[in-house]
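Next come the chains, spelled out residue by residue.
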Amino acid sequence: MNGTDLEPRWREIETPHGGALAGKSAPDLHHLGVMLAVDHAGLRHLLVPAAPGDAPPNLPQTRGLEISVDEMQVGDAPARWYFDVACRDPTVHANFTTLSAEVVATLVEDPSNPRRSLEQILDRWRWFWGTAPGGLTDEEALGLFGELWFLEYWVGLDSGTLTAWRGPLGDRHDFKWPEASVEVKATRTRSDGAAEHRISNLDQLEDPETGDLFLFSLRVTADPIANHSLSSSVERIRAALSTNTEDLHRFDDLIGQAGYTPADRDRFSNPLRVVAEELYSVAEGFSRVRRSSFIDGIPPGVDNIVYTLDLGACQPWRVASRPVDKAARTLAARVR
């Protein structure tokens, strides 16, 4: 079940003129009485049957999202008690539709405790609720995929590496430890096989305050039979962190700040094959442009300096091409 399954059903519901809601049964849950509904203002509701004494799930304050337990009437059907999950902001209908699809899919699999299911799903969604679907560009999504790849396969998943992950926060280096910093660059393989990365400002390859600087380069290509995608990376990492609520929430917060939302899951499910993954030591002689490259300082009136880095000129500084290589294992050991 995904948001694309529910969206047409919601659009078919005509806005009522009276006090009662208009609605349709949720797919596969007619026997449980779960309803998709619209009120007189055109706002959407997901109604999950409840008992009069049920308490609403705990929900952190979330703009435009409310949940209550009320006796409500849908169309001409008799009034009954529901957990009423209401979207009060039409601009986030896409997120609400995807959230509702997760609720429906969860209740199809296990209808035994709807309050618990709602609480778990709403708790997860608090990190993504304010993130507009479609806000993440393809280039940004590829960059996020590269950072997740480095996190998962090169340094590992734990509280320390999640704390060091600074890319979604707009820090100058994507990963920062006292011992080392890592800038991650991901690109699609060119037809001529050349490896180039766009360096978007002079600080990205500037030396860190402490420790050594590394550049991690990931090259990918579209491949219909590949096993990886941005969405699958997110879900795989979430599953690995599922036993540690604090780390899972930190991860969700970070990918939300990066612009990812589960409402974009299908958009970023296109399979990618990793062609090359390489770690470079950004040491003396490495090809880069820094503020110190300008003897008299950056010329007045010059700003937003962007340049292309050809990795062909950087091969003497390549220290690893696999996570199991000695330099990669040494780096992982230093920062964990």
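Coordinates for the structure precede this section.
Residues numbered from 1 in each chain as written. Predicted model: local features only at pLDDT ≥ 70, side-chain atom pairs only at ≥ 80, totals over all residues. Heavy atoms only, no water.

Undergrad: Honestly, the side chain of Glu 7 in this entry has me stumped. Any pointers?
TA: Assignment of secondary structure puts Glu 7 in helix α1 (residues 3-12). Engagement of the side chain of Glu 7 in a polar contact is seen with the side chain of Arg 11, the distance being 3.0 Å. Contact partners of Glu 7, with chain neighbours within four places excluded, come to Arg 44 and Thr 97. (Helix = DSSP H or I, 4+ residues; strand = E, 2+ residues; numbered from the N terminus. Polar contact = N/O pair within 3.5 Å; in protein donor to acceptor, adjacent residues only side chain to side chain. Contact = heavy atoms within 4.5 Å.)

Undergrad: Hey, could you run me through the pattern of salt bridges in this one?
TA: For side chains of opposite charge, pairing can occur when their charged atoms come near one another. Using the criterion set out here, one finds 31 salt bridges in the structure. A salt bridge links Glu 183 to Lys 185, with the nearest nitrogen and oxygen atoms 4.0 Å apart. Exposure class is identical for Glu 183 and Lys 185. Each is buried. Taken together, the shared-partner salt bridges connect Glu 102, Arg 124, Glu 235 and Arg 265 into one network. (Salt bridge = Lys/Arg side-chain N within 4 Å of Asp/Glu carboxyl O. Buried < 20%, exposed > 50% of the residue type's maximum accessible area, 1.4 Å probe, protein only.)

Undergrad: Sorry if this is basic, but what is going on with the sheet that holds strand β1 (residues 22-25) here?
TA: The sheet built from five strands is open, its strands ordered β1-β2-β3-β5-β4 with antiparallel pairing. Both edges of this open sheet fall to β1 and β4 (65-72), since each of them pairs with a single strand only. Neighbour-to-neighbour, the strand axes of the sheet open up by a mean angle of 25°, direction not taken into account. Pairing geometry for β1 and strand β2 (residues 35-38), over four bridges, is antiparallel. Bridge assignment links Ala 22 to a residue of β2, and that residue is Val 38. The strands touched by helix α2 (residues 93-109) are β3 (44-49), β4 and β5 (80-87); relative to β3, the strand with the most contacts, the crossing angle is about 15°. The sheet contacts of helix α3 (residues 114-125) involve β3, β4 and β5, and relative to β5 the element is tilted by about 5°. (Pairing = 2+ DSSP bridges. Axes fitted to C-alpha atoms, helices over the stretch in contact; angles between N-to-C directions.)

Undergrad: Any chance you could explain the side chain of His 45 here in plain terms?
TA: Positionally, His 45 belongs in strand β3. Reaching out from His 45, the side chain makes a polar contact with the side chain of Asp 39 at a distance of 2.9 Å. Filtering out sequence-adjacent residues up to four positions away, His 45 remains in contact with Trp 10, Leu 21, Met 35, Leu 36, Ala 37, Asp 39, Asp 84, Val 85, Ala 86, Arg 88 and Phe 96.

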